[in-house]
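Reading the structure
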Amino acid sequence: MRKSAIALFALSSLLTLLGSCGGGGGGGTNVIPQVIASPGPPNVEPIMVDSGPALLTSRAVNMPYVTIKICINNGSQCQTIDHIEVDTGSSGLRILGSVLQFGLPVVTVGANAIAECTQFADGSSFGPLAVVDMTLPTSQVTVKNLNIQVIGATNYPTVPASCPGIQENTVDSFGANGILGVGPFIQDCGSACAGAGFPSGYYYACPTPSTCTPTAVGTSVQVSNPVNFITTDNNGVIVELPSVASSGASSVAGSLVLGINTRSNNSFGSASVMTASTDLAFVQATYNGKVFDNGALDSGSNAVYFTDSSITLCSQAGGLYCPSSTLNLSATLKGVNNTVLNAPFTVGNAETLLTNNPSATALPGLGGSIPSATSGTNTIQFDLGLPFYFGRNVFTGLEGHTAGGFTGPFYAF
C-alpha cells in the first residue's frame, strides 16, 4: 500500500511539525547552478514556506504551500484557499472542511456517498469525497471535475473504528488548509482499492454520514493526482526552492513547475534521473554502510528522517535529532536504472535551531529518527524531506508518463 506521508512529530510548545515523509543551505550545496522558474502561465505556480495558515496556533516549519482556487456549479461559486501544502509523497487534493465557505457536491457510487480514511505514518484524516474544478491561479492551469477529499467535514462526525491512529481533521492538527498531492502515482490507492481483497481502512461506502463501511472503489472514483489531468504538462513536477542559511529564514519563495521536459523552463538540464520501483516509488539508499531499500524524496516531510542510533535524540523535540554539533552527512541513492547519486545533508540540534531562531519557518538542518522497517515492506526507511530540497530543483516523475526517455515513477536532481 502506498504511503501518503510520513511523520508528524509534536515538539512540545515549540512549534507544530507536520509532513510526509532536501539539501540546500548547509546540506552540501548543489553543484549544478540553480535556476528557479518565474511563476506565471502556462506552468509555474509560486511556492511559499512560511509560518502557516491563520487557524494554525503554532508556527509551521519546513512546510511548502501554494494557493488554489476551487469552483462548483459551472463557476458560479468559487473560493480561493491559501496554505495548501505541496506534497510529492501523496496523490490528490484534500481540503479541511473548516475552511470551506460553501458545500461541495459529494461523490456517490449507487446510493452511497464515498468517504476516505487517508493514512499517514503519524495518523489519519477522514472525510467524504467531493468534486470540484481546481485552478492554480498564477499559472492559470485548471482541472475540471476533480475528485477530492474534504477532511473533517462537520456532517461526517463519526470516524470509523477501522480508520487508524491519531485523527488529524483540523487545520491545527493538520498544519495546513489542505494538501496538494503531486507525487509519483496517479491515484492515492490505485488497483489495491479497486477490486476484491481491498484493504480495510481506506475507502468507505456511506448510506448515511454516520454509517460508513469499508468498500472497494474504482480508480476513476479515487482521489487522484491533478497533474495527470493537465493537457500538456502532465508527466510530473519540479519543486524549486533556493538555498537557506543554517540559521534558517522567516520565509522562502520558490516555484512549483508543472511538467518535465515539456517546455524550456522544465528540462532536466544537468540533473540525473533515478527511476523508482513501480509499486511504491522507492529508490535504494545507503547510509553509514547500511542499505535501505525503501528510500524516497518527499516535499511533505519537514525533516530528513533516517535511522542512526549514534545521534542523540532531543529531549523535548520528540523524534528529532539533537547532536552536540552540526553534522555533515551523506547518503548514496541508487535507482532501479542503476543511476547512483550522492545526497548530502546536515543535521543540527533541533531544539537549539528552533529556540534560537524563533521566527524561522525554513530550517535546513532538521533531521529525525524513523523506525527501520524490514526490507520488502511498504514502509519508508530513508526519507529525504524538504530540507533536502533547499538549494536544489527536485523532479518527481509521474507513473506511466515519459520524460526525456525515462518513464515514471522517477526522481531527479
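Details of the structure are given in the entry above.
Residues numbered from 1 in each chain as written. Predicted model: local features only at pLDDT ≥ 70, side-chain atom pairs only at ≥ 80, totals over all residues. Heavy atoms only, no water.

Here we take up the state of the cysteines. What the rule picks out here adds up to 5 disulfides. Bridging C117 to C163, the disulfide has an S-S length of 2.2 Å. The chirality of the disulfide connecting C117 with C163 is right-handed, given an S-S dihedral of about 80°. Of this pair, C117 sits in strand β8 (residues 112–120) while C163 is found in the loop between β10 (141–151) and α1 (171–174), placing the two residues 46 residues apart along the sequence. Across the pair, C163 and C117 agree in class, each one buried. A sulfur-sulfur distance of 1.9 Å marks the disulfide that ties C189 to C193. (Disulfide = S-S within 2.5 Å. Helix = DSSP H or I, 4+ residues; strand = E, 2+ residues; numbered from the N terminus. Buried < 20%, exposed > 50% of the residue type's maximum accessible area, 1.4 Å probe, protein only.)

Right, let's get into the nonpolar core. Counting 105 residues, the largest nonpolar core has I68, L93, L104, L297, F306 and F345 as the members making the most contacts within it. Among the elements that make up this core, the one with the highest residue count is β10 (6 residues). The next biggest cluster of nonpolar side chains, apart from the first, holds 12 residues, and it includes V44, A271, A403 and F410. (Core = buried A, V, L, I, M, F, W, Y, C linked by side-chain atoms within 4.5 Å.)

It is worth spelling out the packing of aromatic side chains at this point. Counting across every chain of the model gives 13 aromatic pairs. Relative to F406, the ring of F268 lies with its centre 6.1 Å away and its plane at 80°, an arrangement referred to as edge-to-face. In this pair, F268 sits in the loop between β15 (252–258) and β16 (273–275) while F406 sits in strand β26 (residues 406–407), placing the two residues 138 residues apart along the sequence. An aromatic cluster of at least three residues, connected via ring pairs, comprises Y287, F292, F306, Y321, F345 and F382. One residue, R392, lies across the ring of F388, its end atom 4.0 Å from the ring centre. (Phe/Tyr/Trp six-rings, centres within 6.5 Å; stacked < 30°, edge-to-face > 60°. Lys NZ or Arg CZ within 6 Å of the ring centre and 35° of its normal.)

For β15, the buried fraction is high: 6 of the 7 residues fall into the buried class. Sheet topology note: the strand β3 (residues 44–49)/β15 ladder contains 6 bridges and is antiparallel. Residue pairing for β15: P46 is matched across the bridge by S255. Sheet topology note: the strand β14 (residues 236–241)/β15 ladder contains 4 bridges and is antiparallel. Following the sheet pairing, I238 is matched in β15 by V257. (Pairing = 2+ DSSP bridges.)

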